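# Coordinate analysis (summary)
For reference, the chains in residue letters:
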Amino acid sequence: MMEMLFAYPESSVMFALAIVALVLISIFKEDFFRPSTLYFLVQMVMLGVSYLQFLPMMSDFYYSTWLVWGGGMFCFLVGCYVTDFAWKSAGGPPLQKKLEVHGEYNWVCHFFLSFSAFAYFFVGVLGVISVTGNLVLLTDNPSQWLTGKDNDVLKYADFFTSGAMVVGLFAVASFKSMNPVRWVRYASRFMVLFTILLSFATYPSRGINMLCLGMFMILFNYLRGRFSWRSLAVVTVFVVIFFVGVASLKGQYGNSDITDSKIAKEVALLPYKYVANNYWNLDYAFNRMSDIPEHDWTYGIDAFFGVTHLMHIGDGLQQSFGWDTPFNESIVKYPGLNTIPYLWDAYKDFGLPGIFLLPFFFGVLFTFCYHKMAVAKNPFMLLLSATFMMWIILWNFTTGYKQSMYWVWMSFFFFVCTVSSGRTILPADPDVVGNEVDTKSTSTECEVAVSRT
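From a predicted model like this one, the values you see are computed outputs, not experimental measurements.

Check the secondary structure of the protein chain and you find 18 helices and 0 strands. Going through the 453 residues of the protein chain one by one, you find that 53% of them count as buried. Nonlocal contacts in the protein chain, meaning residues at least 24 apart in sequence, comprise 78% of its contacts between residues at least 6 apart. When the accessible area of the protein chain is evaluated, it comes to approximately 20,900 Å², of which 67% is carbon and sulfur surface.

Structural data, given as structure tokens:
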């Protein structure tokens with residue numbers, strides 16, 4: 001045991017810090033998905049795994065990389081704690097164990113308007129079918145469509161990647177703690193399951209389908225019951241199994257069966273590569289050899305690629321100025337897996353100040369939205385916070401705010417929640433929760449609500 005600790009000192013320290021944090025969370029019954037807690041745990045575990053250095057390409061961080069990684073974390077946590085202090089000083093209430101809507105909210109209208117988001121997602125489903133002739137999972141060779149980034153299926157990516165948006169909108173209406181209308185809850189639960197299955201069959205990508213499940217898990221945590229560390233451990237095992245299964249489907253282990261002993265090592269190493277590769281790309285980006293040209297600065301413009309892409313000018317800007325796509329192709333140490341943590345994009349877009357100011361800004365923003373869930377008059381803050389939590393979880397892989405699909409999600413969340421607010425007397429508060437509410441003329445109410453906006 002001691003030999004392992006000395007052989008992997010960085011990993012040992014990070015895992016020890018993560019374990020201490022988990023123990024404290026369990027003792028004080030804190031929330032795993034609190035922005036500061038989630039960021040700390042994800043970064044400790046991810047970098048700890050990476051520093052096991054199972055592959056020779058995974059070299060030690062330079063001091064400059066430690067400064068970037070540690071400085072980004074420090075500034076994010078400072079932003080979180082400053083906002084926590086400001087909220088408590090202003091007399092803001094703590095987050096309840098089960099959230100509720102503090103105001104009038106028309107859940108029937110919410111349910112029907114959520115189908116506008118489903119229609120957007122379904123355009124992507126039909127687009128995939130138009131290219132492949134079937135849902136990708138049901139084609140003869142799914143790996144043909146799941147590998148590479150230039151096939152025609154990806155023209156519909158902004159649509160079919162939005163399954164998690166649909167899951168989120170229906171999921172918030174699925175729980176009795178928030179929605180007192182029984183038939184809406186049951187119908188919403190069906191739509192959650194149907195959307196998850198349809199999303200997986202349409203394009204069985206790890207990232208897309210983990211977003212669907214992640215969105216549901218986060219909402220379950222706040223509307224049904226808080227997750228324990230045991231529950232999260234079970235989910236982690238499931239994610240690893242799912243990861244390996246999709247890798248086999250994509251043909252990443254060749255034509256062999258994943259039970260073949262000859263590729264057992266590759267089966268174990270592939271999840272590790274996806275975690276570790278990004279950190280070592282980050283180190284490589286900041287400490288490249290002198291014969292590799294410097295990247296082109298974006299001066300903050302490309303930080304808004306998620307918006308400009310939807311305006312159909314983002315790709316043109318990148319090509320005109322010679323900027324990388326969000327996959328940062330020009331500075332990856334080992335291409336073909338994933339990208340680089342969001343801190344590289346912060347540096348590329350805003351220079352050295354961006355490494356520290358952008359995490360601080362996100363720490364303030366995410367924590368403010370987290371606290372606002374306690375007093376929200378509609379589910380928008382809950383859905384927005386769930387999206388931000390997914391960013392934190394995936395920041396080792398990709399920069400959330402530069403992906404157009406998230407801007408689409410937030411637009412639909414705002415539209416559905418705003419139109420459904422204050423339109424009928426259906427309060428979701430402790431006096432009503434537990435009683436079933438029957439509604440009549442629901443279609444007319446929803447039509448009136450839409451016409452007034």
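There is more to say, and it comes next.
With 80% of its residues at a pLDDT of at least 70, the protein chain reaches an overall mean of 83. By mean pLDDT, the top-scoring element of the protein chain is helix α8 (residues 163-171) (96), and the lowest-scoring one is helix α18 (residues 442-452) (46). Counted against residues more than four places away or in other chains, residues 252-256, with its pLDDT under 50, gives 13 contacts. Considering only residues more than four positions removed or in separate chains, one finds that residues 447-453, a stretch of pLDDT under 50, has 8 contacts.

What the rule picks out here adds up to 48 aromatic pairs. Here a set of aromatic residues connected by ring pairs shows up, and it is made of Tyr-39, Phe-76, Tyr-342, Phe-361, Phe-362, Phe-366, Phe-388, Trp-391, Trp-395, Tyr-401, Tyr-406 and Trp-409.

A separate point is a nonpolar patch on the surface. A cluster of nonpolar residues, Ile-19, Val-20, Val-23, Leu-24, Ile-27 and Phe-28, forms a patch on the protein surface that exposes about 590 Å² of accessible area. With respect to the helices and strands, the residue Ile-27 is situated in helix α2 (residues 9-28). The exposure class of Ile-27 is exposed, given its relative accessible area of 55%.

Inspection of the entire model under this criterion finds 5 salt bridges. Among the ionic pairs, Lys-402 bridges to Asp-302, the shortest N-O distance being 3.0 Å. Here the residue Lys-402 occupies a position in the loop between α16 (380-394) and α17 (404-419), and Asp-302 occupies one in the loop between α12 (264-286) and α13 (305-310), the gap between them amounting to 100 residues. Here Lys-402 and Asp-302 have matching classes, each one buried. A salt bridge links Asp-345 to Lys-402; the nearest nitrogen and oxygen atoms lie 3.3 Å apart. In this pair, Asp-345 is assigned in helix α15 (residues 342-372) and Lys-402 in the loop between α16 and α17, connecting sequence segments 57 residues apart.

With that settled, consider helix α4 (residues 63-89). Under the 1.5 Å per step criterion, the end-to-end length of α4 is 38 Å for 27 residues, consistent within 8% with the ideal 39 Å. In the segment just after α4, Gly-91 is the residue with positive phi, at about 80°.

Right, let's get into helix α9 (residues 182-202). Each turn of an α-helix holds 3.6 residues, which means side chains three or four residues apart point in the same direction. A rise of 1.5 Å per residue sets the reference length of α9, with its 21 residues, at 30 Å; its end C-alpha atoms lie 30 Å apart and thus fit the reference within 8%. For α9, every residue scored as buried is listed here: Val-184, Arg-185, Ser-188, Met-191, Val-192, Thr-195, Ile-196, Leu-198, Ser-199, Ala-201 and Thr-202. Elements in contact with the buried residues of α9: α5 (107-132), α7 (157-160), α8 and α10 (206-223).

What follows is about the environment of Ala-285. Residue placement: Ala-285 occurs in helix α12. Separated by 45 residues in sequence, Ala-285 and Ser-330 place their C-alpha atoms 9.1 Å apart. Among all residues touching Ala-285, those that are not within four sequence positions of it are Ile-331, Ile-340 and Trp-344.

Ranked by internal contacts, the top residues of the largest apolar core, which has 114 residues, are Phe-76, Met-165, Tyr-222, Leu-382, Trp-391, Trp-395 and Trp-409. With near-sequence residues (within four places) excluded, Met-165 lies in contact with Ala-117, Tyr-120, Val-408, Trp-409, Phe-412 and Phe-413. In terms of nonpolar packing, the next biggest core, distinct from the first, is built from 9 residues, Trp-145, Leu-146, Val-153 and Phe-160 among them.

Further remarks concern unusual backbone geometry. The phi torsion at Lys-29 lies on the positive side, around 55°, for a residue other than glycine. Inspection of the secondary structure puts Lys-29 in the loop between α2 and α3 (35-50). A positive phi angle is found at His-312, which is not glycine, with a value near 65°. Summarising the element assignment, His-312 is placed in the loop between α13 and α14 (314-321).

With their axes 10 Å apart at the nearest point, α10 and α16 run at an angle of 125° to one another. Accordingly, the angle class assigned to the pair α10 and α16 is oblique. Crossing geometry of α10 relative to α16 is assigned as right-handed. Of the residues in α16, those in contact with Met-210, Leu-211, Gly-214, Met-215, Ile-218, Leu-219, Tyr-222 and Leu-223 of α10 are Leu-382, Leu-383, Ala-386, Thr-387, Met-389, Met-390 and Leu-394. Looking at the contact of α10 with α16 residue by residue, the class counts come to 13 nonpolar, 2 polar and no charged.

Right, let's get into the side chain of Asp-345. The class for Asp-345 is buried, based on a relative accessible area of 1%. Only 3.3 Å separates the side chain of Asp-345 from the side chain of Lys-402, close enough to count as a polar contact. In this view, Asp-345 contacts Asn-328, Thr-399, Tyr-401 and Lys-402; residues no more than four positions away in its chain are not counted.

Conventions adopted
Residues numbered from 1 in each chain as written. Predicted model: local features only at pLDDT ≥ 70, side-chain atom pairs only at ≥ 80, totals over all residues. Heavy atoms only, no water. Helix = DSSP H or I, 4+ residues; strand = E, 2+ residues; numbered from the N terminus. Buried < 20%, exposed > 50% of the residue type's maximum accessible area, 1.4 Å probe, protein only. Contact = heavy atoms within 4.5 Å. Areas by Shrake-Rupley, 256 points an atom, 1.4 Å probe, with all protein chains shown as cover. pLDDT = per-residue confidence, 0-100. Phe/Tyr/Trp six-rings, centres within 6.5 Å; stacked < 30°, edge-to-face > 60°. Patch = residues over 30% accessible without salt bridge, like charges linked within 9 Å, V, L, I, M, F, W, Y side chains within 5 Å. Salt bridge = Lys/Arg side-chain N within 4 Å of Asp/Glu carboxyl O. Expected span 1.5 Å × (residues − 1). Core = buried A, V, L, I, M, F, W, Y, C linked by side-chain atoms within 4.5 Å. Axes fitted to C-alpha atoms, helices over the stretch in contact; angles between N-to-C directions. Parallel < 35°, antiparallel > 145°, perpendicular 65-115°, else oblique. Left-handed = near helix turned anticlockwise from the far one by under 90°. Nonpolar A, V, L, I, M, F, W, Y, C, P; charged D, E, K, R; others polar. Polar contact = N/O pair within 3.5 Å; in protein donor to acceptor, adjacent residues only side chain to side chain.

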